[in-house]
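Geometric and topological summary
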Amino acid sequence: MDHQEIDLLKVVKKASDPKSSGGLELPLPLIIRFPDVLKNRLESIQSAFNCAVESQGYGSHYQGVYPVKCNQDRFVVEDIVKFGSSFRFGLEAGSKPELLLAMSCLCKGSSESLLICNGFKDAEYISLALIARKLSLNTVIVLEQEEELDSVIDMSRKLGVLPVVGIRAKLRTKHSGHFGSTSGEKGKFGLTTTQILRVVKKLEKYGMLDCLQLLHFHIGSQIPSTALLADGVGEAAQIYSELVRLGASMKVIDIGGGLGIDYDGSKSTDSDVSVGYTLEEYAAAVVQAVKFVCDRKSVKHPVICSESGRAIVSHHSILIFEAVSRSKYTVPTLSSFDVQQFGEQLPEEAHSYYHNLSQSAIRGDYESCLVYADQLKQRCVEKFKDGSLDIEQLAGVDGLCDLVGKAIGASDPVSTYHINLSVFTSIPDFWGIGQLFPILPIHRLEECPSKKGILSDLTCDSDGKIDKFIGGDSSLPLHELEGKYYLGMFLGGAYEEALGGVHNLFGGPSLIRVSQSDGPHGFAVTRAVAGPSCSEVLRLMQHEPEVMFETLKHRIEEYVDDEGGMAGALMAGGIAESFHNMPYLTVASSCCLTAANGMNEYYYSESAGGDVVTGGDVVTGGDVGTGDDEQWSFVCA
């Protein structure tokens, strides 16, 4: 099924349509994961390095690891371990919870897969890593700080486990782009040459120099060119060779991350959103640089490891969201009589500006028209502020100035499209560092877009907008809104989910996993989970939704004059439904509430799982979950 196409709109309809129509009734926004794309990315990276190794006669092999910080989702990590098991693909952890999940997942992987332990470490972290080694996981503790070595030696003796140790080196090679702040001598992580020598001497002193087997470095994410890459790898290979000379039992050179993504398609070497090389060129540059130095030093070729998280997971995930409305302003139409009457009603202080505007229009001096229109508007705003101009007159001035701008072609054609999304939750890198992602409609592609728009999210924050797009544009070509209008953000599978917050208490999107299928629709939904409900998001901030619901229920009973009990019951039902629903805008109710006659009884209930859904058919007995396992319901008995 190579090169099989899947219609995104059909996937979105399957996810969002009501269950009565054969859909899953998941609220948007929605993340669609494609594990087949994840598998292809892993195989493509492995293939590129295999070809480079074979073509250059390299004496060892490539063996990658996935840094779980890029996307810690359980199914993403498990898929990577499963898909990469045949070529010993491993995992990298940078914290204790990441180490725990990596240990658990790699129990089902290849016994040769590497478990790289990066990040700052305390005794507990180090003991976990040593336990992993005791469990026959191929664990390497990478020293980020010189002081960590004392803990490694102490804990290894207490646990009776001989460690495998790596060193992260601070290279002199520096990546000058935004993502290069972790590189160079002033970088956040790693050991200087002086510190590396002290580590070697201490290991030698304790008879543990043979434990030092890996050298790690990181130039920075989104390395723009193979020239910079080769320079950094060559420097690291020189350090690796020196460690061999000093007696360490070196086996692996870990080149870290940096394999970039061409977000904008420009293949540029001077941009943070592009790279000037292919996957094959990247692999060839790495292998060539290591081979050249090792051959010159007569050092055995090491295993080459990389931590290319962004390049592995970015492509496999698509964020789908809906534009729900468009802000549009209709310029008023004014007859010559209306204009004359309008001018006569202006305050005396504004007459001169109005006269200048009229004379410029008669002469056809459009540039002066804009100047005088702006002066007229500013003067009238001042008069409004001091109370000598009413709001109807001010609106008339605004309308006249807009009419002037439209008549001479100077009006702003860019509309604001309001999207059912939180930028802070789902695209935090755009807000935080100005990272650009490809965004475009996923349907109506046969129609030429007639509008230009920026995207404004649901949050009560002026930064909650997207007004910069691929190619340097400040607006996006969009269609007129006619019914549902879906947009997709692509290449966002790395970092966005982990970095997203809950600003304004908007939680994460719903999620489905979609695999290729030989069925009539070409795809199968293998997992579907609704996004966090209002109650789940509230719990993150230490609120207790059960208590909140009871408080509001008693308030209804106290303040609602309701002889028959129905009005209060409906109010309580609406509140219960709001707790259960996602925080985003919704059209239809999805909470299971019932109302009948008689006295109200409130109860706490749990919802069951669902079905696995293939393109057009429901397969029972599967594993489609919901995002909220709890809900408040009521009956009237």
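In the block above lies the structure referred to throughout.
Now for a look at the structure at hand.

Scoring rules and cut-offs
Within any chain, residue numbers begin from 1 and follow the written order of that chain's sequence. It should be noted that, the model being predicted, local features are given only for residues of pLDDT at least 70 and side-chain atom pairs only at 80 or more, the latter also being counted only at that level, while totals for whole chains, interfaces and linings use all residues. Each side-chain value is worked out from all heavy atoms of the structure, with water and hydrogens disregarded. A run of H or I in DSSP becomes a helix once it reaches four residues, and a run of E becomes a strand once it reaches two; helices and strands are each numbered from the N terminus. Exposure classes here rest on a 1.4 Å probe applied to the protein chains alone. A residue is buried below 20% of its type maximum, exposed above 50%, and partly exposed in between. Contact criterion: two residues are considered in contact whenever any of their non-hydrogen atoms come within 4.5 Å of each other. All accessible areas in this document rest on Shrake-Rupley with a 1.4 Å probe, and a residue is counted as covered only by the protein chains that are shown. Here an angle of 0 to 180 degrees is reported between the N-to-C directions of two axes, which are lines fitted to C-alpha atoms, with helices fitted over the stretch in contact. Reported orientations rely on four angle classes, namely roughly parallel under 35 degrees, roughly antiparallel over 145, roughly perpendicular from 65 to 115, and oblique for the rest. By the definition used in this description, the sense in which the near helix is turned from the far one sets the handedness, with an anticlockwise turn below a right angle giving left-handed and a clockwise turn giving right-handed. Strand pairing is assigned whenever DSSP detects at least two bridges linking the two strands. To count toward a patch, a residue needs a relative accessible area above 30% and no salt bridge. Like charges then connect within 9 Å, nonpolar side chains (Val, Leu, Ile, Met, Phe, Trp, Tyr) within 5 Å. When a carboxyl oxygen of Asp or Glu lies within 4 Å of a side-chain nitrogen of Lys or Arg, that pair is called a salt bridge. In a helix, the anticipated span is given by 1.5 Å times the number of residues less one. Each pair of aromatic rings taken from Phe, Tyr and Trp, with Trp reduced to its six-membered ring, is defined by centres within 6.5 Å and is described as stacked if the planes are under 30 degrees apart, edge-to-face if over 60, and tilted in the remaining cases. Polar contacts here mean pairs of N or O atoms no more than 3.5 Å apart (in protein, one a potential hydrogen donor and the other a potential acceptor; neighbouring residues in sequence count only if both atoms are side-chain atoms). Here a cavity denotes grid points, spaced 1 Å and computed from the protein atoms alone, that fit a 1.4 Å probe unable to get out, and a pocket denotes an open set having protein on both sides within 12 Å along at least 5 of 7 lines; residues with an atom within 4 Å of a point are the lining. Grid points are joined across faces, edges and corners, and a volume is the space filled by probe spheres set on the points. Classes in brief: Ala, Val, Leu, Ile, Met, Phe, Trp, Tyr, Cys and Pro nonpolar; Asp, Glu, Lys and Arg charged; the others, Gly included, polar. For the purposes of this section, nonpolar cores are sets of buried Ala, Val, Leu, Ile, Met, Phe, Trp, Tyr and Cys residues that join through side-chain atoms within 4.5 Å.

Considering the overall build of the chain
- Each helix and strand counted, the chain has 20 helices and 22 strands in total.
- Going through the 637 residues of the chain one by one, you find that 49% of them count as buried.
- Restricting to contacts in the chain with at least 6 residues of sequence separation, those with at least 24 account for 76%.
- Just so you have it, the chain exposes about 29,600 Å², and 52% of that area is on carbon and sulfur atoms.

Considering the packing of helix H5 (residues 123–134) against helix H6 (residues 148–159)
- It is at 9 Å that the axes of H5 and H6 come closest, and there the two elements cross at 50°. Judged on the interaxial angle alone, H6 and H5 are oblique. Both H5 and H6 take part in a crossing whose hand is right-handed. Contacts between H5 and H6 involve Ala 123, Ile 126, Ser 127, Leu 130 and Ile 131 from the former and Glu 148, Ser 151, Val 152, Met 155, Ser 156 and Leu 159 from the latter.

Some thoughts on the pairing of strand E16 (residues 486–489)
- The alternating pattern of E16 places Tyr 486 and Gly 488 on one face and Leu 487 and Met 489 on the opposite face, and all of these are buried.
- Bridge count for strand E10 (residues 317–327) against E16 is four bridges, and the pairing is antiparallel. For Ile 320, the partnering residue across the bridge sits in E16 and is Gly 488.
- Here three bridges tie strand E12 (residues 439–441) to E16, and the two strands are oriented antiparallel to one another.

A short note on a nonpolar patch on the surface
- The grouping of Ile 131, Leu 135 and Leu 159 at the surface amounts to a nonpolar patch, some 250 Å² of accessible area in total.
- Its relative accessible area of 36% is what places Leu 159 among the partly exposed residues.

Examining H5
- Helix length check: H5, at 12 residues, gives a terminal C-alpha distance of 16 Å against a target of 16 Å (1.5 Å per residue), a fit within 8%.
- Looking only at H5, the buried set comprises Tyr 125, Ile 126, Ser 127, Leu 128, Ala 129, Leu 130 and Ala 132.
- On its buried side, H5 packs onto strand E3 (90–93), helix H4 (96–106), strand E4 (114–117), strand E5 (138–143) and H6.
- Positive phi shows up at Ser 136, right after H5, with a value of about 65°.

Details of the packing of aromatic side chains
- Taken as a whole and assessed by the stated rule, the structure comprises eight aromatic pairs.
- Relative to Tyr 62, the ring of Phe 49 has its centre 4.0 Å away and its plane inclined at 5°; by these criteria the two rings are stacked. With a gap of 13 residues between them, Phe 49 in helix H2 (residues 35–55) and Tyr 62 in the loop between H2 and strand E2 (65–67) connect regions that are remote in the sequence.
- For the ring pair Phe 506 and Tyr 584, a centre distance of 5.2 Å and an interplane angle of 35° mean the geometry is tilted. Remark: Tyr 584 occurs in the loop between helix H20 (566–580) and strand E19 (600–606) and Phe 506 occurs in the loop between helix H17 (496–499) and strand E17 (510–516); sequence separation between them is 78 residues. Each member of the pair, Phe 506 as well as Tyr 584, carries the same accessibility label: buried.

Considering the side chain of Lys 553
- Its place among the elements puts Lys 553 in helix H19 (residues 545–559).
- Within the structure, Lys 553 has its side chain in polar contact with the side chain of Glu 550 (distance 3.0 Å).

Some points on empty space enclosed by the protein
- Counting across every chain of the model gives two cavities of 30 Å³ or more.
- When its volume is computed, the second largest cavity comes out at roughly 50 Å³.
- The wall of the second largest cavity is formed by Ile 427, Phe 430, Gln 435, Leu 436, Phe 437, Ile 439, Ile 466, Lys 468, Phe 469 and Ile 470.
- Within the lining of the second largest cavity, the residues separate by chemical class into eight nonpolar, one polar and one charged.

Quick word on the environment of Glu 147
- Among the secondary structure elements, Glu 147 is positioned in the loop between E5 and H6.
- The exposed category is assigned to Glu 147, whose relative accessible area is 54%.
- It is 9.3 Å that separates the C-alpha atoms of Glu 147 and Val 199, two residues lying 52 residues apart in sequence.

Remarks on the pattern of salt bridges
- Taken as a whole, this structure holds 30 salt bridges when the rule is applied.
- Taken together, the shared-partner salt bridges in this structure form one network comprising Arg 33, Asp 73 and Glu 497.

Notes on the sheet that holds E4
- Strand order across the open sheet formed by eight strands is E2-E3-E4-E5-E6-E7-E8-E9, with parallel pairing between neighbours. Every other strand in the sheet has two partners, leaving E2 and strand E9 (303–305) as the edge strands with one partner each. Across this sheet, the average inter-strand angle for adjacent strands is 25°, counted without regard to direction.
- Examined bridge by bridge, E3 and E4 share three bridges and lie parallel to one another. Of the residues in E4, the one forming a bridge with Leu 91 is Leu 115.
- Where helix H8 (residues 226–245) meets the sheet, its contacts fall on strand E7 (212–216) and strand E8 (252–254), and the angle it forms with E7 comes to roughly 165°.

Remarks on the nonpolar core
- In this structure, Tyr 66 and Leu 455 are the most contacted members of the largest nonpolar core, which totals 117 residues.
- With 10 residues, helix H9 (residues 279–296) is the largest single contributor of residues to this core.
- Leu 28, Ile 320, Phe 523 and Val 525 belong to the second-largest nonpolar core, a separate cluster that totals 19 residues.

Examining unusual backbone geometry
- Cis geometry marks the peptide bond from Leu 28 to Pro 29; its omega dihedral reads 5°.
- Counting through the fold element by element, Pro 29 comes out in the loop between helix H1 (8–16) and strand E1 (30–33).
- A positive phi angle is found at Gln 222, which is not glycine, with a value near 55°.
- Within the secondary structure, Gln 222 sits in the loop between E7 and H8.
- With a relative accessible area of 1%, Gln 222 lands in the buried category.
- Positive phi outside glycine occurs at Arg 444, with the angle close to 60°.
- Note that Arg 444 resides in the loop between E12 and strand E13 (451–456).
- Judged by its relative accessible area of 11%, Arg 444 falls in the buried class.

Regarding the packing of H19 against H20
- Closest axis-to-axis distance for the H19/H20 pair is 10 Å, and the angle between their directions is 160°. With respect to H20, the element H19 is oriented roughly antiparallel. Pair H19 / H20 crosses with right-handed handedness. On H20, the residues that touch Pro 545, Met 548, Phe 549, Leu 552 and Ile 556 of H19 are Gly 568, Met 571, Ala 572, Ile 575, Ala 576 and Phe 579.
- Here the contact of H19 with H20 is built from residues that sort into 10 nonpolar, one polar and no charged.

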